[in-house]
Amino acid sequence: MVDVRILVTGGTGQLGGAVVARLRAAGEEVRVLSRRAAPDVVRGDLRTGRGIDSAVAGVDAVVHCATDYLGREAELARTLVEAARWAGGPHLVYVSIVGVDRVPLGYYRAKHEAEQVIASSGLPYTIQRATQFHALVRTLFAGASRLPVLPVPRLLFQPVDVRDVAARLADLAPADPAGRAPDFGGPEVLAAAELAQAVAEAGGRRRRIVPVSVPGETFRAYTAGGHLAPEHREGKITFAEYLAEQADAGALGYRRR
Ligand SMILES: NC(=O)c1ccc[n+]([C@@H]2O[C@H](COP(=O)([O-])OP(=O)(O)OC[C@H]3O[C@@H](n4cnc5c(N)ncnc54)[C@H](OP(=O)(O)O)[C@@H]3O)[C@@H](O)[C@H]2O)c1
């Protein structure tokens, strides 16, 4: 069945790559946007607008996974919305983060603004917020495999696998617009200390993990669980399963026997 044409922005990234794989496996016709010239991509830049009109032309849906870590997320969304209007109004599916309106981080504020750009665009849209990806949580605690004593913040995480989020996005894109979709979270809510210990052990080491409180309003928002969706544990792949896969692939500098 090849009937829906879908553009994936950020299709060369971590999540977008998984979305592209999932959609293609489902028989959808997919176009990938990238700023870099590469085989099988449409070249364009959502910051300058270069190439975006032709990338969006003729598609039924856009899964917007491209992101800007320098606070220009809303700018990217505006460029996309403008091009989508000219292209006849495809369904815009935007990936956001659980708690962008609760945790006072600059990147989160920019994503919340981008959500509002899309929601007020007049175009058919779906906003899917997800909890922290496994790779991000692993990176946060990467020091756990090296230091003898590791201080970690006294808070919880609900890590989710990008393949699970990608499966949700691949279902949403060809469907009717859902507006703000229910949050999507990982299968377990775990203390940072447990996650750090798991990272250390996956790296073949045992470390003393010391939970610490951190001053400031951002930490308070995290402690209050602003970034969690405990009532939405839809992800299936656990953090332990992810780490085991990474170890088997030799990505942790250690291979399980
Ligand atoms: N990491 C997490 O824990 C987490 C949790 C929930 C939601 N999210 C959200 O998930 C989304 C995807 O994250 P990710 O980790 O997969 O990102 P990523 O791997 O860092 O990929 C970023 C992508 O954005 C594209 N991009 C950047 N600037 C661009 C521009 N000006 N024009 C066009 N494309 C541009 C890049 O494409 P090229 O370099 O090829 O141009 C790249 O494919 C983000 O919106 C993020 O906020 C992340």
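The preceding data block contains the structure.
None of the values given here were measured: they were computed from a predicted structure. (Residues numbered from 1 in each chain as written. Predicted model: local features only at pLDDT ≥ 70, side-chain atom pairs only at ≥ 80, totals over all residues. Heavy atoms only, no water.)

Enquirer: How should the side chain of Thr126 be read in this particular structure?
Expert: With respect to the helices, strands and loops of the structure, Thr126 is situated in strand S6 (residues 125–130). By relative accessible area, which is 0% here, Thr126 ends up buried. Those residues in contact with Thr126, other than ones at most four positions away along the chain, are His91, Leu92, Val93, Tyr94, Leu172, Asp176, Pro177, Ala178, Gly179 and Ala181. (Helix = DSSP H or I, 4+ residues; strand = E, 2+ residues; numbered from the N terminus. Buried < 20%, exposed > 50% of the residue type's maximum accessible area, 1.4 Å probe, protein only. Contact = heavy atoms within 4.5 Å.)

Enquirer: Hey, could you run me through the site of the ligand in this one?
Expert: By nearness alone, 26 residues border the ligand, and Thr12, Ser34, Tyr69, Tyr107 and Lys111 come closest of all. In this structure, Thr12 approaches the ligand through a side-chain N or O atom, which is 2.6 Å from an oxygen atom. Here Gly13 contributes a backbone N or O atom positioned 3.0 Å from an oxygen atom of the ligand. When the ligand is considered free in solution it has 920 Å² of accessible area, and contact with the protein chains removes 90% of it. Of the pockets mapped on this structure, the ligand occupies the largest pocket. (Near = heavy atom within 4 Å. Polar contact = N/O pair within 3.5 Å; in protein donor to acceptor, adjacent residues only side chain to side chain. Areas by Shrake-Rupley, 256 points an atom, 1.4 Å probe, with all protein chains shown as cover. 1 Å grid on protein atoms, 1.4 Å probe; cavity = no way out; pocket = protein on both sides within 12 Å on 5 of 7 lines; lining within 4 Å. Sits in = over half its atoms within 2 Å of the grid points.)

Enquirer: Explanation requested: the packing of aromatic side chains in the structure shown.
Expert: The description of two aromatic rings rests on the distance between their centres and on the angle between their planes. Summed over all chains, the structure comprises 3 aromatic pairs. Taken together, a centroid distance of 6.1 Å and an interplanar angle of 75 degrees make the contact between Phe141 and Phe157 edge-to-face. Remark: Phe157 occurs in strand S8 (residues 156–157) and Phe141 occurs in the loop between helix H5 (134–140) and strand S7 (149–153); sequence separation between them is 16 residues. A relative accessible area of 4% means that Phe141 is categorised as buried. Classification of Phe157 by relative accessible area gives buried; the value is 6%. With a centroid separation of 6.1 Å and an interplanar angle of 25 degrees, the aromatic rings of Phe239 and Tyr242 are classed as stacked. Separated by 3 residues within a single helix, Phe239 and Tyr242 lie in helix H9 (residues 239–248), roughly one turn from each other. (Phe/Tyr/Trp six-rings, centres within 6.5 Å; stacked < 30°, edge-to-face > 60°.)

Enquirer: Just checking my understanding: could you explain the pattern of salt bridges for this structure?
Expert: Any two side chains of opposite charge can pair, so long as their charged atoms come close to each other. Scanning the model with the defined rule gives 10 salt bridges in all. With a shortest N-O distance of 2.9 Å, Asp68 and Arg72 are connected by a salt bridge. Between Lys111 and Glu73 there is a salt bridge, and its shortest N-O distance comes to 2.9 Å. On the criterion of sequence distance, the pair formed by Lys111 in helix H4 (residues 106–119) and Glu73 in helix H3 (residues 73–86) is long-range, its members being 38 residues apart. Taking the relative accessible area as the measure of exposure, Lys111 reaches 5% and is therefore buried. Judged by relative accessible area, which is 1%, Glu73 ranks as buried. A cluster of three or more residues bridged by salt bridges with shared partners is formed by Asp101, Glu115 and Arg129. (Salt bridge = Lys/Arg side-chain N within 4 Å of Asp/Glu carboxyl O.)

Enquirer: Would you mind going over the layout of surface pockets with me for this structure?
Expert: Estimates place the volume of the largest pocket at around 1100 Å³. Taken together, 44 residues line the largest pocket, and the ones lying closest to its centre are Cys65, Thr67, Asp68, Tyr69 and Tyr107. For the lining of the largest pocket, the secondary-structure elements that each account for two or more residues are helix H1 (14–25), strand S2 (29–34), H3, strand S5 (91–97), H4, H5 and helix H8 (217–223). A per-class count over the lining of the largest pocket returns 23 nonpolar, 13 polar and 8 charged. (Points joined across faces, edges and corners; volume = space filled by probe spheres on them. Nonpolar A, V, L, I, M, F, W, Y, C, P; charged D, E, K, R; others polar.)

Enquirer: Sorry, what's going on with the environment of Ala130 here?
Expert: Assignment of secondary structure puts Ala130 in strand S6. Residue class for Ala130 comes out buried when judged on its relative accessible area of 1%. Those residues in contact with Ala130 that lie beyond four places of it in its chain are Ser96, Ile97, Val98, Val165 and Phe184.

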